[in-house]
Amino acid sequence: MPKYGMVIDLQKCVGCGACAIACKTENNTQDRAKGQTYNWADFIMTTEGKYPNTKFTPRPVLCNHCTDAPCVKVCPVTPKAMHKHENGMTIHNQERCIGCRLCQQNCPYSAEDVDKKGVQYSVISFNDFTDEVHPFYKDTKEVIPGCTSSGADVSKKAGDMPPHRTIYKHSDYANVREKGKVEKCIFCEHRVSNGELPNCVVACPAKARIFGDQNDPKSEISLLLKKHKPVQLKNNKGELLKSGEKGTQPNVYYIRGFRGEAKKMAAAAPAKAKK
Amino acid sequence: MLKGKIIDKALNAGDCIETDRSRCMRMRFNRNECNRCIEQCRSEAIEISHDVSISSDKCSECMLCVSSCPSDCFEIKGHDFYSVIGKLRKLQPSIDSPVLGCRSNTKKPHHARTYCFGYLSEEHIIALYLYMQNPLQIDMTGCADCKNGFIADTLQKRIAAIEAKTSLKISGRIKPVRDIAELDFQDISYDRRGFFKALKNLTFIQAAGLFDNEESIEHTQSYSAKKLPFKRELLNRAIKILPDEIQKELLKNCYYDVNVTETCNNCFACVGMCPTGALKIENKDDDRELFFSTSLCNGCGLCKDFCMACSVNIEKGFSGGNPFEFYSAKNVLLCEV
């Protein structure tokens with residue numbers, strides 16, 4: 001059985017956002033609202049220092065599909081709505097989700113409200129009980145009065161909701177989620193089971209995302225993990241797991257970070273400035 | 001093809017109870033320990049682990065699981081209680097005391113036949129009491145020879161329980177008859193036209209029975225779907241037409257009041273957990289609040305057990321205003337009686 005994982009090569013990633021857009025169109029996620037991001041592929045962007053000595057670092061983030069997933073442990077329903085598939089993916093079942101949000105509270109990479117918690121992203125997002133899903137495409141108000149059509153008009157003309165809806169079938173998942181249920185990255189399992197790669201991987205112009213089977217020693221991901229010293233995220237504040245620290249055993253790895261390089265650059269910078 | 005269906009139907013007659021795990025309290029919340037159906041089941045046919053299942057080999061079809069589950073996890077396939085009531089009501093002008101029989105007691109003539117009486121919960125009995133103008137005889141003369149004979153006692157206990165709780169004189173109108181000598185069956189006299197009409201109806205009902213279960217392969221609903229249990233629906237109908245006094249008695253003994261303390265942090269996990277939709281979120285000014293309606297509550301207590309802030313209280317008895325209205329769960333209602 002494969003154990004899927006992802007490696008992100010930070011020296012190849014420039015933070016262009018292609019992965020985020022590809023994910024949003026593939027998985028029909030809605031716009032960020034009320035502390036919920038609905039971005040299954042997101043970023044931690046850090047800007048340090050003062051102009052002209054500034055340092056900008058993008059770090060793509062997504063569900064870590066942890067081996068020891070706390071979201072699965074706390075799910076109260078039977079059979080669990082949040083569950084592990086044999087291929088290592090953490091998958092959420094729509095039918096069984098009651099919307100209690102325990103998974104969101106217990107995932108170290110998620111927040112119930114990113115605005116209130118002051119964090120940049122949340123792996124798990126919640127579709128509220130009372131708010132409409134994709135409200136923009138249900139709103140009949142013209143975007144610019146007397147000039148443009150409304151979101152509802154666009155989705156009516158396109159014949160789907162949202163208008164750009166990607167229609168796919170998944171054993172546990174609806175391609176557009178319902179009210180009162182959580183949602184998260186499913187590693188594009190619907191694509192992977194057809195022999196395709198996750199859409200974020202396909203979209204990355206720099207090939208910074210490498211997806212594959214960690215159990216296959218010859219796979220690109222296994223070779224990269226052997227060649228470079230990978231790091232894993234500890235939480236959604238950007239902290240990393242220290243060596244020896246297991247955390248929730250995330251299956252998304254980062255290689256070739258700029259940390260070492262950055263120190264060298266910082267050391268060189270004042271010397272340059274003096275000249 | 002039809003022949004195959006008929007044979008199938010005859011062979012599968014054993015499993016006439018459908019289970020819907022999404023309604024089971026233990027399936028909804030893994031720390032819940034509800035054991036009502038298992039305790040009631042004498043043939044140890046029910047198993048609850050990763051799913052709720054009834055072993056059709058063991059099940060004696062006493063239907064006690066159906067009546068004991070507060071949230072309708074078990075349902076009798078294709079059974080419509082209202083049609084039983086309708087059938088009996090139609091007879092009322094001509095028959096002094098109609099007889100309701102069970103399917104396994106085919107030796108005796110009955111005006112209407114139904115599954116084993118074990119499914120008749122207190123709510124069902126109240127409904128029968130309300131909708132019947134003439135006394136109804138429940139034919140239990142076959143119970144002594146039946147493997148489900150214990151149901152006769154259960155039914156009488158249930159009648160006694162209602163009479164203890166309320167001032168409804170159930171036994172005046174619902175009469176379980178155990179002694180053959182006491183059973184008084186009055187035959188319906190059909191004229192020519194009536195006979196053919198009855199024959200036509202019977203044929204239709206039998207034919208419909210062959211086709212009704214086409215789609216019921218997967219019966220589990222979405223866990224998030226809210227469904228009012230049938231028993232609660234019956235009781236809600238009953239309190240609408242009962243005199244005020246009895247309504248109050250029923251509200252006190254069969255309804256629940258849910259309220260939350262100040263520690264409630266508006267996480268609304270209870271709204272998702274509730275199987276019946278008794279809790280909902282209401283927008284109030286810029287804030288949101290938890291609202292509750294007793295008419296939709298089956299008293300399962302999942303909201304209280306699940307609340308992570310330990311803010312939810314559930315008490316038996318409703319003494320507020322209109323039981324069909326939603327009200328803020330934060331306004332603790334004080335007993336007025």
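Residues numbered from 1 in each chain as written. Chains lettered and ligands numbered in written order. Predicted model: local features only at pLDDT ≥ 70, side-chain atom pairs only at ≥ 80, totals over all residues. Heavy atoms only, no water.

What about helix α5 (residues 81–91) of chain B?
All names here are of chain B.
Here is step 1 of the chain: Along α5, the residues that are buried comprise F81, V84, I85, L88 and L91. What you see down the axis of α5 is that its buried residues fit within an arc of 120°, all on one side.
Here is step 2 of the chain: On its buried side, α5 packs onto β5 (99–102), β6 (112–114), α6 (122–131), β7 (136–139) and α10 (230–241). (Buried < 20%, exposed > 50% of the residue type's maximum accessible area, 1.4 Å probe, protein only. Helix = DSSP H or I, 4+ residues; strand = E, 2+ residues; numbered from the N terminus. Arc of directions from axis to C-beta. Contact = heavy atoms within 4.5 Å.)

Considerations on the layout of surface pockets
Here is step 1 of the chain: Estimates place the volume of the second largest pocket at around 930 Å³.
Here is step 2 of the chain: Along the wall of the second largest pocket there are 36 residues; nearest its centre are K34, Q36, R101 and D128 of chain A together with R288 of chain B.
Here is step 3 of the chain: Secondary-structure elements contributing two or more residues to the lining of the second largest pocket are α1 (18–27) and β6 (125–127) of chain A together with β11 (287–292) of chain B.
Here is step 4 of the chain: Here the residues of the lining of the second largest pocket are counted per class, giving eleven nonpolar, eleven polar and 14 charged. (1 Å grid on protein atoms, 1.4 Å probe; cavity = no way out; pocket = protein on both sides within 12 Å on 5 of 7 lines; lining within 4 Å. Points joined across faces, edges and corners; volume = space filled by probe spheres on them. Nonpolar A, V, L, I, M, F, W, Y, C, P; charged D, E, K, R; others polar.)

Some words on the environment of K184 of chain A
All names here are of chain A.
Here is step 1 of the chain: Looking at where K184 falls in the secondary structure, it is placed in the loop between β7 (181–183) and α6 (189–192).
Here is step 2 of the chain: In this structure, the C-alpha to C-alpha distance between K184 and V123, residues 61 residues apart in sequence, is 6.0 Å.
Here is step 3 of the chain: In this structure K184 touches W40, C63, H65, M82, T90, I91, V123, I124 and Y173, once residues within four positions along its chain are discounted.
Here is step 4 of the chain: Only 2.6 Å separates the side chain of K184 from the backbone oxygen of T90, close enough to count as a polar contact. (Polar contact = N/O pair within 3.5 Å; in protein donor to acceptor, adjacent residues only side chain to side chain.)

What to know about the packing of aromatic side chains
Any pair of aromatic rings gets described here by the distance separating the centres and the angle formed by the planes.
Here is step 1 of the chain: What the rule picks out here adds up to eleven aromatic pairs over all chains.
Here is step 2 of the chain: Ring centres of F136 of chain A and Y137 of chain A lie 5.1 Å apart, and the angle between their planes is 85°; on these two criteria the pair is classed as edge-to-face.
Here is step 3 of the chain: Each ring, one from Y82 of chain B and one from F230 of chain B, has its centre 5.3 Å from the other, and the planes form 70°; the classification is edge-to-face. Of the two residues, Y82 of chain B sits in helix α5 while F230 of chain B sits in helix α10, which places them 148 residues apart along the sequence. (Phe/Tyr/Trp six-rings, centres within 6.5 Å; stacked < 30°, edge-to-face > 60°.)

A closer look at the sheet that holds strand β8 (residues 174–177) of chain B
Residues and elements named next belong to chain B.
Here is step 1 of the chain: Spatially, the four strands line up as an open sheet ordered β6-β5-β7-β8, and their pairing is parallel. Where the open sheet ends on each side, the last strands, each with one partner, are β6 and β8. The sheet shows a mean angle of 25° between the axes of neighbouring strands, taken without regard to direction. (Pairing = 2+ DSSP bridges. Axes fitted to C-alpha atoms, helices over the stretch in contact; angles between N-to-C directions.)

Points about the sheet that holds strand β10 (residues 279–284) of chain B
Residue and element names in this part refer to chain B.
Here is step 1 of the chain: Read from one edge to the other, the open sheet built from three strands follows the order β10-β11-β13, with strand pairing classed as antiparallel. Looking at strand neighbours, the two that pair on one side only are β10 and β13 (327–328), the edges of this open sheet.
Here is step 2 of the chain: Where β11 and β13 come together, two bridges link them in antiparallel fashion. From the neighbouring strand, F291 faces β13, where its bridge partner is S328.

What to know about the interface of chain B and chain A
Here is step 1 of the chain: Taken together, the contact pairs 21 residues of chain B with 17 residues of chain A.
Here is step 2 of the chain: For the pair chain B and chain A, the summed buried area comes to about 1,600 Å², and 56% of that belongs to carbon and sulfur atoms.
Here is step 3 of the chain: Put simply, chain B and chain A have one salt bridge between them.
Here is step 4 of the chain: Of all the secondary structure elements, the ones that give two or more residues to the side of chain B that touches chain A are α2 (25–28) and α12 (269–273) of chain B.
Here is step 5 of the chain: A total of four residues in the side of chain B that touches chain A trace back to one element, the largest contributor, which is α12 of chain B.
Here is step 6 of the chain: Residue composition of the side of chain B that touches chain A, grouped by class: ten nonpolar, seven polar and four charged. (Buried area = accessible area lost by both parts, 1.4 Å probe. Salt bridge = Lys/Arg side-chain N within 4 Å of Asp/Glu carboxyl O.)

Things to note about the nonpolar core
Burial of nonpolar side chains together is a common tendency in soluble globular proteins.
Here is step 1 of the chain: Formed by 139 residues in total, the largest nonpolar core has its most connected members in M6 of chain A together with M63, F74, F117, L120 and L279 of chain B.
Here is step 2 of the chain: Not counting chain neighbours up to four residues away, the residues in contact with M63 of chain B comprise C16, I17, I76, Y115, C116, G118 and Y119 of chain B.
Here is step 3 of the chain: Residues V7, L225, Y253 and I255 of chain A belong to the second largest nonpolar core, which totals seven residues. (Core = buried A, V, L, I, M, F, W, Y, C linked by side-chain atoms within 4.5 Å.)

A look at the domain arrangement of chain B
In many reports, interface size means the accessible area that the parts give up when they come together.
All names here are of chain B.
Here is step 1 of the chain: In terms of domain boundaries, chain B breaks down into domain 1 (2–11 + 79–214), domain 2 (17–76) and domain 3 (244–328).
Here is step 2 of the chain: Using C-alpha coordinates to define each centre, domain 2 is positioned 25 Å away from domain 3.
Here is step 3 of the chain: The interface of domain 2 with domain 3 comprises seven residues on the first partner and nine residues on the second.
Here is step 4 of the chain: Roughly 750 Å² of surface becomes buried between domain 2 and domain 3 when both sides are summed, with 60% attributable to carbon and sulfur atoms.
Here is step 5 of the chain: It is M25, R28 and F29 that lose the most area in domain 2 upon contact with domain 3, and together they represent 61% of the buried surface on that side.
Here is step 6 of the chain: Linking domain 2 to domain 3 there are zero salt bridges. (Domains from an automatic or database assignment.)

Some thoughts on unusual backbone geometry
Here is step 1 of the chain: A cis amide bond links Y51 of chain A to the next residue, P52 of chain A, at an omega of 5°.
Here is step 2 of the chain: Tracing the sequence through the fold places P52 of chain A in the loop between β2 (42–48) and β3 (55–61).
Here is step 3 of the chain: T78 of chain A connects to P79 of chain A through a cis peptide bond whose omega is -20°.
Here is step 4 of the chain: Looking at the secondary structure, you find P79 of chain A in the loop between α2 (70–74) and β4 (82–84).
Here is step 5 of the chain: Of note, F268 of chain B is a non-glycine position whose phi angle comes to about 60°, a positive value.
Here is step 6 of the chain: Among the structural elements, F268 of chain B can be located in the loop between β9 (256–260) and α12.

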